[in-house]
Amino acid sequence: MEAPKYIKGKEPHKSEYRMIFRNVDRRGWDASIKSYIADGGYRDLKKALKMKPQEVTDEVKTSGLRGRGGAGFPTGVKWGFIPPNNKKPVYLICNADESEPGTFKDRYIVHQDPHQLIEGMLISCYAVGAKVAYIYIREEFPEGAKILEGAIEEARKKNLLGKKILGGKFNCEIYVHRGAGAYICGEETGLIESLEGKRPYPRIKPPYFPAALGLYMCPTIVNNVESLCHVKHIIAMGGREYAKIGTPRNTGTRILCVSGDVIRPGYFEVEVGKITMGELINDVCGGLRKGRKLKGVIPGGSSAKVLRAGEKYTIGTGESERTIGINEIPMDFDTLAACGSMAGSGGVIVMDDSRDMTWILNNINTFYAHESCGQCTPCREGSLWMKKITDRMVSGAGVPSDLKTLTSVGDNIAGRTICAFGEACAWPTQSFVAKFPEDFKKHTSRRNAGKELNPESKAAAAGLKR
Amino acid sequence: MPLLHLLQQEYGHINEESVNWVAEKLDIEPINVLELVTFYPGFRQTAPGKYHIRVCRTLSCAMAGCYETMEKFCEVAGIDRSNVSHHNPIAVSEDGKFSIEFAECLASCGTGPVCLIGDEFHESVKADNVAEIIGKYD
């Protein structure tokens, strides 16, 4: 295949490795099936259909692919959780709810390369034995839903979807289901409830995986858009070859979405672990604005714990143990976890020294207070409580005990809820308060009482020229 | 939910009549429909204007100045947001042409501030170019 050419001004950075985003911003490219097939599309589906389903699953296991939605759980292993003697229908759901603040990768796959997703889904359906698949797309992508529906129609006309796909025995249908603007629908059991036409209250675990009991109480596999696209490439190059991309245990490529105080924010597909935080911010994204210093980074979507510039982290064990700074952190799953945060969904939010962390945390808390589904008391009450505290800090009515209260509320949510939302809303508060106490104390000292300490937000925003 | 989407597309919002109609069609209790309408922020309970604007409020867009964008939208379109609350997020202009609300993360954080007007998506909506965008809707 010839190397694609890209739209002027949107060329990938030289340290990128474009696989999933091969066709994003490509010159002369459109989302039609014609473009896709001319580029060798659906060849991998044909290849997969000649294999046994178990062989496809094995390839995915060999590849070491880890879910790109947030938890980083190995995709092949997840597929293996379908009970072996299962007699019920199996469902596959593509999670296109992309709602973690800071993340904007699936948007481009859905809008510019829908057939890649459909091909990946069909291969995955074949592997897990699903005859019906759903794409749960967030309501805020009305255009994306239309594009997907159009793409599904195109594929059906070419007998790539429906009954007896490509003349074989494999039948599969894909339906697009639109959400209605709730963050919690990104949680897989919440998503399933929503698909069943209910409020998206996450289900009580166990069973820990919907692969055992999911949609309509049948085995269900829920995968992120990006993960399903990777499946196509694993079949194309073989699991073993795929595993050579990236670093051991953190294989393949992943799309990092950078936003916040950098000169060139955007999406960058890189080999997992082959690029460091410093290279990403200073080289790929063009660094910070002139005269500004790095203050902190949220490395994996707003629920990931914040990293403070100047911190030191000890990673590795035994002989390979070493201490690194924030700029030397390789962007992979394991190291970010060792640094006390997570790679999450790949949404990197960069903050420079013009930002007031109380204001930042207040924004995050407002999000979680709005999006808590209200099922578990610690999260329902706690997220709102934390928001109220940071609200009053920002408005100049903070009191000295606020810091302690914030931490205590956060500590009492994490680990005490049905789903991971509890952790997601507590982690920002816990980490921001612990790592930037001076910013918070400014808002709680009696000397500043009644003063609205307006951060430089306005000036900072105005200075974000792109 | 697909039914509710269709109704909202047709009427702009979902009222009691729509809720009862859906319940009857699906042979379920109206409360099972109402609980969805009240839960999902994507379903509107009050009538929006002819063009409904949703401005992203979440972190990356806020850092890029979405609050100023919101102020400007209200100023240009003549919308008063002083009565907005959690249960009543939508404010409508006096002439009924525009309505506005804050939305949580529209997933385009690299090009903030962003907003949706109806089904159309707009990127890098700084306060300076609000008037121009509003001008395109008549």
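The structure presented is a predicted model; accordingly, all values stated were derived computationally and were not measured.

## Some words on the overall build of chain B
Turning to step 1, where the next piece is worked out: A tally of regular secondary structure across chain B gives six helices and five strands.
Turning to step 2, where the next piece is worked out: Ordered by position from the N terminus, the helices and strands of chain B form the series α-α-α-β-α-α-β-β-β-β-α.
Turning to step 3, where the next piece is worked out: For 138 residues, the compact-globule estimate of 2.2 N^0.38 gives 14 Å, and chain B sits close to it at 16 Å.
Turning to step 4, where the next piece is worked out: When the backbone C-alpha atoms are referred to their principal axes, chain B occupies close to 50 × 30 × 25 Å.
Turning to step 5, where the next piece is worked out: Taking all 138 residues of chain B together, 48% fall into the buried category.
Turning to step 6, where the next piece is worked out: Restricting to contacts in chain B with at least 6 residues of sequence separation, those with at least 24 account for 59%.

## Overview of helix α2 (residues 43–50) of chain A
Residue and element names in this part refer to chain A.
Turning to step 1, where the next piece is worked out: Of the positions making up α2, those classed as buried are Asp-44, Leu-45 and Ala-48. End-on, the buried residues of α2 take up no more than an arc of 105°, which puts them together on one face.
Turning to step 2, where the next piece is worked out: For α2, the elements touching its buried residues are α3 (53–63), α6 (114–128) and α9 (225–237).

## Some points on the interface of chain B and chain A
Turning to step 1, where the next piece is worked out: Across the contact, 29 residues belong to chain B and 40 residues belong to chain A.
Turning to step 2, where the next piece is worked out: Take the side of chain B that touches chain A: its biggest share by element is four residues, from helix α4 (residues 59–63) of chain B.
Turning to step 3, where the next piece is worked out: In terms of residue class, the side of chain B that touches chain A is made up of 17 nonpolar, eight polar and four charged.

## Focus on the sheet that holds strand β3 (residues 173–178) of chain A
Residues and elements named next belong to chain A.
Turning to step 1, where the next piece is worked out: Spatially, the four strands line up as an open sheet ordered β3-β2-β1-β4, and their pairing is parallel. Only two strands of the sheet have a single partner each, and these edge strands are β3 and β4 (220–224). Strand-to-strand twist in this sheet, taken as the mean axis angle between neighbours without regard to direction, amounts to 20°.
Turning to step 2, where the next piece is worked out: In this structure, strand β1 (residues 90–96) lies alongside strand β2 (residues 130–137), joined through seven bridges in parallel fashion. Across the sheet, Cys-94 pairs through a bridge with Ile-135, a residue of β2.
Turning to step 3, where the next piece is worked out: Taken strand by strand, α9 contacts β1 and β4, and its axis lies near 95° from that of β4.

## Digging into the nonpolar core
Turning to step 1, where the next piece is worked out: Counting residues in each nonpolar core, the largest one holds 177 residues, and the members touching the most others are Ile93(A), Cys94(A), Met121(A), Ala133(A), Tyr136(A), Leu280(A) and Val55(B).
Turning to step 2, where the next piece is worked out: If one sorts the elements of this core by residue count, α6(A) sits on top with nine residues.
Turning to step 3, where the next piece is worked out: Excluding residues that lie within four positions of it along the chain, Val55(B) makes contacts with Cys66(B), Thr69(B), Met70(B), Phe73(B), Ile100(B), Phe102(B), Ala103(B), Pro113(B) and Cys115(B).

## Describing the environment of Asp283(A)
Residues and elements named next belong to chain A.
Turning to step 1, where the next piece is worked out: Note that Asp-283 resides in helix α11 (residues 277–284).
Turning to step 2, where the next piece is worked out: In this structure Asp-283 comes out as partly exposed when scored by C-beta crowding, with 14 C-beta atoms within 10 Å.
Turning to step 3, where the next piece is worked out: Measuring from C-alpha to C-alpha, the distance between Asp-283 and Gln-430 comes to 30 Å, with 147 residues separating the pair along the chain.

## Overview of the sheet that holds strand β13 (residues 347–352) of chain A
All names here are of chain A.
Turning to step 1, where the next piece is worked out: Spatial strand order, β8-β7-β13-β9-β10: five strands in an open sheet with mixed pairing. Each edge of the open sheet carries a strand with a single partner, namely β8 (266–271) and β10 (307–308).
Turning to step 2, where the next piece is worked out: Where strand β9 (residues 294–298) and β10 come together, two bridges link them in antiparallel fashion. The residue bridging Gly-296 from the neighbouring strand is Arg-308, located in β10.

## Things to note about the domain arrangement of chain A
When the parts of a complex come together, some accessible area is lost, and that lost area is often used as the size of the interface.
Residue and element names in this part refer to chain A.
Turning to step 1, where the next piece is worked out: Assigned domains within chain A: domain 1 (33–244), domain 2 (255–350) and domain 3 (357–462).
Turning to step 2, where the next piece is worked out: Relative placement of domain 1 and domain 2: their C-alpha centres are 28 Å apart.
Turning to step 3, where the next piece is worked out: Contact residues are listed per partner, giving 13 residues for domain 1 and 16 residues for domain 2.
Turning to step 4, where the next piece is worked out: Of the residues belonging to the side of domain 1 that touches domain 2, the class tally is three nonpolar, five polar and five charged.

## Some remarks on the packing of helix α2 (residues 16–26) of chain B against helix α3 (residues 30–39) of chain B
Residue and element names in this part refer to chain B.
Turning to step 1, where the next piece is worked out: Contact geometry of α2 with α3 gives a least axis separation of 8 Å together with a crossing angle of 130°. Taken together, α2 and α3 sit at an angle that is classed as oblique. Judged by the sense of rotation from one axis to the other, the crossing of α2 with α3 is right-handed. Residue-level inspection shows Val-19, Asn-20, Val-22 and Ala-23 of α2 in contact with α3, the latter providing Pro-30, Asn-32, Val-33, Leu-34 and Val-37.
Turning to step 2, where the next piece is worked out: Partitioning the contact of α2 with α3 into residue classes produces seven nonpolar, two polar and no charged.

## Some details on unusual backbone geometry
Turning to step 1, where the next piece is worked out: Cis geometry is adopted by the peptide bond preceding Pro206(A), which originates at Lys205(A) and carries an omega value of -5°.
Turning to step 2, where the next piece is worked out: The amide bond that connects Gly112(B) to the next residue, Pro113(B), takes the cis arrangement and shows omega of -10°.
Turning to step 3, where the next piece is worked out: Along the chain, Pro113(B) falls in the loop between β3 (98–103) and β4 (115–117).
Turning to step 4, where the next piece is worked out: Backbone geometry places Leu166(A), a non-glycine residue, at a positive phi of 55°.
Turning to step 5, where the next piece is worked out: The residue Leu166(A) is located in the loop between α7 (142–157) and β3 in this model.
Turning to step 6, where the next piece is worked out: Located in the positive-phi region is Tyr216(A), a residue other than glycine, with phi close to 50°.
Turning to step 7, where the next piece is worked out: Within the secondary structure, Tyr216(A) sits in the loop between α8 (188–195) and β4.

## Regarding helix α17 (residues 437–444) of chain A
Residues and elements named next belong to chain A.
Turning to step 1, where the next piece is worked out: Taken together, the buried positions of α17 are Asp-439, Phe-440, His-443 and Thr-444. Down the axis of α17, the smallest arc covering the buried residues is 130°, so these residues share one side.
Turning to step 2, where the next piece is worked out: Packing partners of the buried residues in α17 comprise α13 (357–371), α14 (377–394), α15 (402–411) and α16 (421–435).

## Some words on the pairing of β2(A)
All names here are of chain A.
Turning to step 1, where the next piece is worked out: The buried count for β2 comes to six of eight residues, which makes it a mostly enclosed element.
Turning to step 2, where the next piece is worked out: One ladder, built from six bridges, connects β2 with β3; its direction is parallel. Residue pairing in the sheet places Ile-137 in a bridge with Arg-178 of β3.
Turning to step 3, where the next piece is worked out: Chirality of the crossover, the property in question, places the unit of β2, α7 and β3 among those that are right-handed.

## Structural notes on the confidence of the model for chain B
Turning to step 1, where the next piece is worked out: Across chain B, the average pLDDT comes to 95, with 100% of residues at or above 70.
Turning to step 2, where the next piece is worked out: Both scores are available for the predicted complex, with the pTM at 0.94 and the ipTM at 0.95.

## Let's talk about the environment of Phe367(A)
Turning to step 1, where the next piece is worked out: Mapped onto the fold, Phe367(A) is located in helix α13.
Turning to step 2, where the next piece is worked out: In this structure the C-alpha to C-alpha distance between Phe367(A) and Ser383(A), which are 16 residues apart in sequence, comes to 9.1 Å.

Criteria and thresholds
- Residues numbered from 1 in each chain as written.
- Chains lettered and ligands numbered in written order.
- Predicted model: local features only at pLDDT ≥ 70, side-chain atom pairs only at ≥ 80, totals over all residues.
- Helix = DSSP H or I, 4+ residues; strand = E, 2+ residues; numbered from the N terminus.
- Rg over C-alpha atoms; globule rule 2.2 N^0.38 Å.
- Buried ≥ 20, exposed ≤ 12 C-beta atoms within 10 Å, placed from the backbone.
- Contact = placed C-beta atoms within 7 Å.
- Arc of directions from axis to C-beta.
- Nonpolar A, V, L, I, M, F, W, Y, C, P; charged D, E, K, R; others polar.
- Pairing = 2+ DSSP bridges.
- Axes fitted to C-alpha atoms, helices over the stretch in contact; angles between N-to-C directions.
- Core = buried A, V, L, I, M, F, W, Y, C linked by C-beta atoms within 7 Å.
- Domains from an automatic or database assignment.
- Parallel < 35°, antiparallel > 145°, perpendicular 65-115°, else oblique.
- Left-handed = near helix turned anticlockwise from the far one by under 90°.
- Right-handed = clockwise from strand over helix to strand, strands pointing away.
- pLDDT = per-residue confidence, 0-100.

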